[in-house]
Amino acid sequence: MAPTPTTRAELVTLLQRAAELEHQLLCAYLFTAYTLKQELAEGGLTEDQLAAARTWRGKITGVAVQEMLHLALASNMLTAVSADACAEEPYFARQNLPLSPGDMRKLFGYNTNPSQTEAAWLDLWSFDASTIAAYVWFESFEDEVDFPGPTWHGPTQLQAAAAATSTLVEIYEAIATAFVTLEPDDGKPLFCGRPERQLTDAQMTPIFGKGLLSPVVDTLSGLRAINTIILQGEGDTDAWQTFLQGLDVPGTGDLPTSAGTSHHEIFSKLAEDLRVWIGAPGYEPARAIDAAFLSHPQDDTPDAVFARDLSALFDEIYGVMLGLLWAAFRHDTDGTCEEAEEYERQTLVQLALRAMIYVLSPLGNTLTQVPTGATTALGHPLYAAPRFRFSAQSMTDMTWDALTARLAKAAASARACLDSAPCERLDQDVWLTPAYLAYVPPDGPTTPHGTVRRVLEDFLALDLTFMSERMQRVRDHAPPPSSSPNNVCMGLNDCKGLDIAGDAAVAGAGVCATASPHVCSTLNDCRHEGGCGFTPAPATQPTLQDHPGDNACTGQGACGSPVLPSIENTYGLNTPGEAYYDASGDHPAGAGSVWRFARIRFEERMKAEGKGFGASDGPGDVGKGDFPGWTPG
């Protein structure tokens, strides 16, 4: 068992250890999901096997999303007990993968049972049976078998024995015990952190499940956070309930005893399903990743250079995303560190989530479809992949101005990739996710597609520039108080002065959204704050999203605010689209930019009300051309 902390410093260290392990597993799971093939044309899969692979990808990605929740909960707990906020919270740092058996022992306490022979380690692994077996082991409440994952081929002196009990469970049991027993000797209560500087459902959107991300303010709320982590991860309700009963804390009997299918159950079922296909002729569910590219890239061919540039860009954006979250969590207790105002903090959180969903996700999926130029022994292409390289230097300067500049730098890096890439790579067709980032033609493939060029131009260069400019405009500004509806993006303000800076010369000329930042449907605070319009109905009824920026009331919104340049209608269709879009250009008839459609609806509304308005240089205008018959008012 991990020793129970006896000081605040020991508890902080243990919480940091828990946060890092959640972070490491999160990166590993996403990498594995990215490597799964998505189409029959990639080879190695029958139709049934492809259907299974797509299901598995969704399952693994869902586990990764919950690991994000666990990282957020660990950070909330750390914030709650941190006496020196600037020095001790939050914790998004991590060592770069791979983690050797020695790293696992040093960082997390693994490899302590001398009766076992196989040492636990962790790396960015492609999807296969040994990878899933390792994930089953990591997510086990108790595991008395040797580590079953890929074999470690490093120095023999690091082949320490594996732990008999999941160290992650041990860490949380020690933290839970400290929440009950620890009496700090620094004169401050154990839970002395400011709850308003923790992340909640309202800020992170309900992607984690409503009510699961709440501030930690006392022993019971701390145990509730750990309860969510254990039930979602290891899921051994009986063993965990026995442990909780031993703590003898009033109220623990009312904590949930189920959190749906646990990670251990998901991976165990996946391992069972996988056995059906193992040994089938030609079965290859994952793309072949170039391990040399990940560790020691030396090839200077155009494909290899482009693949390395894309991977470096992923790491650059990944670092900025962590910096945005860190700045949102950070709070000042003694005037020694910068603290964001509440509206600024909302912006930091939402931009971090948007970078994660709309930038890193399509880039990560794209990377595993970009060849490095190397081949397997059988002549099959080897592909690149995101490395999730963490740079400690990237976490040293995270002031508002520095993060603004880093977003702009990442956008410039994306443009540099556009300028230097081989043309055949830019025009390469790639599978994309989320689905609303790319159009799915009615008679085309069943998965959404785009090109590498569009990923770089729209999701990276345009979106990152937009995010950087938003940071500049939001600084020291809050939405102007007004009875007029807030707007979800530039150029949609109903009146003079109703943009974020309060200096719009006329209606329709505002530079920035004033709606409360949110990234997903139904989270809008007010009328006119739903990015895509009405709440999405079943996929067969996309007609309810024909009022972007013009929804009737609170909670009746789809997409988020502010509207990113890349975002299209969730289903790729706007019902009255035929009136505005033709079949030429990048988008088939009926598909198109959410912002541009919102601007059209805005102009129609203003004209119907007899109000004047000015022109806008909205984000959807960049490089898209004009709609037939439409000129800005």
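The structure we're discussing is the one just above.
Residues numbered from 1 in each chain as written. Predicted model: local features only at pLDDT ≥ 70, side-chain atom pairs only at ≥ 80, totals over all residues. Heavy atoms only, no water.

Engineer: Break down the nonpolar core for me, citing the residues and quoting the values.
Structural biologist: Core analysis: the largest hydrophobic core is formed by 175 residues, its most contacted members being Ile132, Tyr172, Ile175, Leu456 and Leu460. It is helix H2 (residues 47-81) that provides the largest number of residues to this core, a total of 17 residues. Non-local contacts of Tyr172, meaning those with residues more than four positions away in its chain, are made with Ala18, Glu22, Ala74, Met77, Ile226, Ile229 and Ile230. (Core = buried A, V, L, I, M, F, W, Y, C linked by side-chain atoms within 4.5 Å. Buried < 20%, exposed > 50% of the residue type's maximum accessible area, 1.4 Å probe, protein only. Helix = DSSP H or I, 4+ residues; strand = E, 2+ residues; numbered from the N terminus. Contact = heavy atoms within 4.5 Å.)

Engineer: Can you tell me about unusual backbone geometry, naming the residues and giving the values?
Structural biologist: The omega angle of the peptide bond from Leu97 to Pro98 is 10°, so this bond is cis rather than trans. Backbone geometry places Phe388, a non-glycine residue, at a positive phi of 50°. Within the element layout of this structure, Phe388 appears in the loop between strand E2 (381-383) and helix H14 (400-420). When its relative accessible area of 3% is taken as the criterion, Phe388 is described as buried.

Engineer: Describe the packing of helix H13 (residues 342-367) against helix H16 (residues 452-474), naming the residues involved and giving the relevant values.
Structural biologist: At their nearest, the axes of H13 and H16 sit 10 Å apart, and the two run at 170° to each other. Classed by the angle they form, the pair H13 and H16 counts as roughly antiparallel. In this structure, H13 contributes Tyr343, Glu344, Thr347, Leu348, Leu351, Arg354, Ala355, Tyr358, Val359, Pro362, Leu363 and Thr366 to the contact, and H16 contributes Val452, Val455, Phe459, Leu460, Asp463, Leu464, Met467, Arg470, Met471 and Val474. (Axes fitted to C-alpha atoms, helices over the stretch in contact; angles between N-to-C directions. Parallel < 35°, antiparallel > 145°, perpendicular 65-115°, else oblique.)

Engineer: Could you give me a rundown of the environment of Leu324, with the residues and numbers involved?
Structural biologist: With respect to the helices and strands, Leu324 occurs in helix H12 (residues 302-329). Each C-alpha atom of the pair Leu324 and Trp400 lies 8.8 Å from the other, and the pair is 76 residues apart in sequence. Excluding anything up to four places from it in sequence, Leu324 contacts Leu348, Leu351, Ala352, Leu403 and Met471.

Engineer: Can you tell me about H16, naming the residues and giving the values?
Structural biologist: A rise of 1.5 Å per residue sets the reference length of H16, with its 23 residues, at 33 Å; its end C-alpha atoms lie 31 Å apart and thus fit the reference within 8%. Largest kink in H16: about 25°, centred on Asp463. Judged by how many residues are buried, H16 sits mostly within the fold: 17 of 23 residues are covered. (Expected span 1.5 Å × (residues − 1). Bend = angle between axes of the 7 residues up to and from the residue.)

Engineer: Now, about the packing of aromatic side chains: what can you tell me, with residues and values included?
Structural biologist: Following the criterion strictly, the structure yields 17 aromatic pairs and no others. With a centroid separation of 4.6 Å and an interplanar angle of 80°, the aromatic rings of Tyr29 and Tyr135 are classed as edge-to-face. Residue Tyr29 is found in helix H1 (residues 8-35), and its partner Tyr135 is found in helix H5 (residues 129-138); the two are separated by 106 residues along the sequence. Relative accessible area serves as the criterion here: at 0%, Tyr135 is assigned to the buried category. (Phe/Tyr/Trp six-rings, centres within 6.5 Å; stacked < 30°, edge-to-face > 60°.)

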